[in-house]
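Notes for the structure review
Each chain, letter by letter, is given below.
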Amino acid sequence: MPFASEIISFTSPLFLSFAVLVILLYYTVFRKLQWQFLLVASALYYACTGWQNCVYIVITIGSVYAAARFFGTDRGRKGKRIVFWLCLALQIGMLAYLKYISDRFPLGISFYTLQSLSYLIDSYREPTAERIETNPGKLALFVAFFPQLTQGPMARYSELKKTLYGGHAFSADAFTGGLARAAFGFFKKMVIADALMPLARAYCHGPAQIAVALLLYAAALYCDFTGGIDIALGLAQMLGIALPENFNRPYLAKSVAEFWRRWHMTMGAWFRDYVFMPLSVSAPFLKLSSWSRKTFKNKLGKRLPVYIATLLTWLLTGAWHGGNAWFLLWGLANGLIILLSQELEPLYRKFHTRFPRLRENKLYGAFQVVRCFVIMSLIRGINLAGVGFTPELTPALAWPQWILITLALLLVIFYRPPKRRLWRVCAAGAFIVAVLVFGVYGFGYDSAAFMYSRF
Amino acid sequence: MEQLIAILNEIVPDLDYTRCDTLVSGRYLDSFDIVTLVADIYEAFGVRVPAQYLTPENFDSAARIWALLCRLQAK
């Protein structure tokens, strides 16, 4: 693996060296120029993905910056509307071209495009001094901040600006908290996800083993994605910067809709706030609503436009994940199941009125969690076809390795970040030792890429 | 206001809308309910609520929703 591309992967020793150097210089040499230094570090990091990729991110930053500055002027509403739609079309067109047509796929483009669009839309809706960034460098850092660039979480400008640009004195609390979190992320990715993913592939042979494969894949995907996010959030926290949370124990969800409120939360919130809601309350959809109410004269007539908006939103969510039909089908399946549970809501209500104590019953709660897990695993099966998840013949693990992975998974389930500073350092040390002993690492080692970085 | 509460009652019944001030932050109303409510408001009052007003601050209580409607009507 060439030097430049090795630095990009969170799990490469080069990236770790880069991160340590950034943190050191951030609190020492550049303590009075912290955000400017982070911008240079982020630019260097991104340049390592290939200088040609930088063209696209520069176009995104430049066009979004110029458009937002234009929204802040006294120009007429019509001109602003034209600029808004042109800029929106440019970002979406560029993303669609690079994602579905071109052979080139700039790293992180799906994430930074959505983050830039949230800034564009917010500054168009409310062109106030708080919403519009006048310093192009600061906006560039918001779009390209290196810990979150490859797989999120997607932040909103109004939130991130509170901590991204301020001078941060070194805080032992924030640093140890971030260190423990990042170390936990490395543990999840390098000890569990990288070990489980080949196993999930190995178990894909034969229908009887599919259930085991889906279970292993669910655990591997969780550790892979949350591991990457923990590293991003931990790194940012060590720099004194607060990124938004992206997960809230998703496998404890009791319905598909709740699962999406717990899994990849920043993406779900993006599609809700910038696609589903604006679409549902747009003039054409309100007219459609009036028509369907008059035509069908029942609950379905009232709900129909909302249902159409839901399906369109999920189709777009599928398209954002990938260009092939499997992803569209995956999006549609999510949307249809959420709509089905909406339609069944009166039945649920009747059922729970008949059995009022059931809601508090732990066994029933466990049944709901398992039911949701099975449904999500089946939906994920479609997604696997989308990413080209092909069975592999991998030698089976020996029983000590199974015990080790089971223990590691139990740790992931029951681990809570320690409150005391000393314990945080101990936890970080223990995770690092576990990665060194049980993980696979070293120069030239091509750790499996994070699943979500391919989106 | 009474008409608004009647609409809310149809969307999520059995809630005291005169007192509850955590409709969104307390998860009584989800995004589905909010957009349904906006369509109901459009039908009943002829007021279109643009997307930028769909915030928890504007929808956390019946009184706040009513205040928003009055603001939008006055525009």
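Note that the coordinates shown come from a computational prediction; the quantities given were computed from them, not determined experimentally.

Each value, and the rule that gives it
- Residues numbered from 1 in each chain as written.
- Chains lettered and ligands numbered in written order.
- Predicted model: local features only at pLDDT ≥ 70, side-chain atom pairs only at ≥ 80, totals over all residues.
- Heavy atoms only, no water.
- Contact = heavy atoms within 4.5 Å.
- Buried area = accessible area lost by both parts, 1.4 Å probe.
- Salt bridge = Lys/Arg side-chain N within 4 Å of Asp/Glu carboxyl O.
- Polar contact = N/O pair within 3.5 Å; in protein donor to acceptor, adjacent residues only side chain to side chain.
- Helix = DSSP H or I, 4+ residues; strand = E, 2+ residues; numbered from the N terminus.
- Nonpolar A, V, L, I, M, F, W, Y, C, P; charged D, E, K, R; others polar.
- Axes fitted to C-alpha atoms, helices over the stretch in contact; angles between N-to-C directions.
- Parallel < 35°, antiparallel > 145°, perpendicular 65-115°, else oblique.
- Left-handed = near helix turned anticlockwise from the far one by under 90°.
- Buried < 20%, exposed > 50% of the residue type's maximum accessible area, 1.4 Å probe, protein only.

**Re the interface of chain B and chain A**
It is common to give the size of an interface as the accessible area that goes away when the parts come together. The partner chain A presents 24 residues to the 20 residues of chain B that form the contact. Both sides of the chain B and chain A interface together cover about 2000 Å² of buried area, and 63% of this is carbon and sulfur. The three residues of chain B that bury the most area against chain A are Phe32, Val35 and Glu43 of chain B, which together make up 30% of that side's buried surface. Our count for the chain B to chain A interface comes out at three salt bridges. For aspartate 40 of chain B, the salt bridge identified is with arginine 293 of chain A, shortest N-O distance 2.7 Å. Along the contact surface separating chain B from chain A lie five residue pairs in polar contact (both at pLDDT 80 or more). Ranked by residue count, the leading element in the side of chain B that touches chain A is helix 2 (residues 31-45) of chain B, at 10 residues. Residue composition of the side of chain B that touches chain A, by class: 11 nonpolar, three polar and six charged.

**Observations concerning the packing of helix 4 (residues 51-71) of chain A against helix 7 (residues 136-144) of chain A**
All names here are of chain A. Two numbers describe how helix 4 lies on helix 7: the axes approach to 10 Å, and their chain directions differ by 130°. Between helix 4 and helix 7, the crossing angle belongs to the class labelled oblique. As for how helix 4 packs across helix 7, the hand of that crossing is right-handed. Mapping the contact onto sequence places Ile57, Ile61, Val64 and Tyr65 in helix 4 and Pro136, Leu139, Ala140, Val143 and Ala144 in helix 7. Grouping the constituent residues of the contact of helix 4 with helix 7 by class yields nine nonpolar, no polar and no charged.

**Some thoughts on the packing of helix 2 of chain B against helix 4 (residues 62-74) of chain B**
Residue and element names in this part refer to chain B. Axis separation between helix 2 and helix 4 bottoms out at 13 Å; the angle between their running directions is 50°. Taken as axis vectors, helix 2 and helix 4 run oblique relative to one another. Crossing hand, helix 2 versus helix 4: right-handed. Residues Leu37, Ile41 and Phe45 of helix 2 touch helix 4, and the partners they reach there are Ile65, Trp66, Leu69 and Gln73. Here the contact of helix 2 with helix 4 is built from residues that sort into six nonpolar, one polar and no charged.

**Quick word on the pattern of salt bridges**
All names here are of chain A. Evaluation of the coordinates by the stated rule reveals 17 salt bridges over all chains. Across the pair lysine 162 and glutamate 159 runs a salt bridge, and its minimum N-O distance is 3.3 Å. In this pair, lysine 162 and glutamate 159 both sit in helix 8 (residues 157-164), three residues apart, roughly one turn of the helix. Residue classification places lysine 162 among the exposed positions, given a relative accessible area of 57%. Between aspartate 230 and arginine 181 there is a salt bridge, with its nearest N and O atoms 2.9 Å apart. Taken as a pair, aspartate 230 in helix 10 (residues 207-238) and arginine 181 in helix 9 (residues 172-202) lie far apart in primary sequence, 49 residues in all. Here aspartate 230 falls in the buried class, since its relative accessible area comes to 7%. Owing to a relative accessible area of 22%, arginine 181 belongs among the partly exposed residues under this scheme. Within this structure, Arg181, Lys188, Asp230 and Glu245 form a network of salt bridges that share partners.

**A closer look at the environment of tryptophan 51 of chain A**
Tracing the sequence through the fold places tryptophan 51 of chain A in helix 4. In this structure, the C-alpha to C-alpha distance between tryptophan 51 of chain A and proline 106 of chain A, residues 55 residues apart in sequence, is 10.0 Å.

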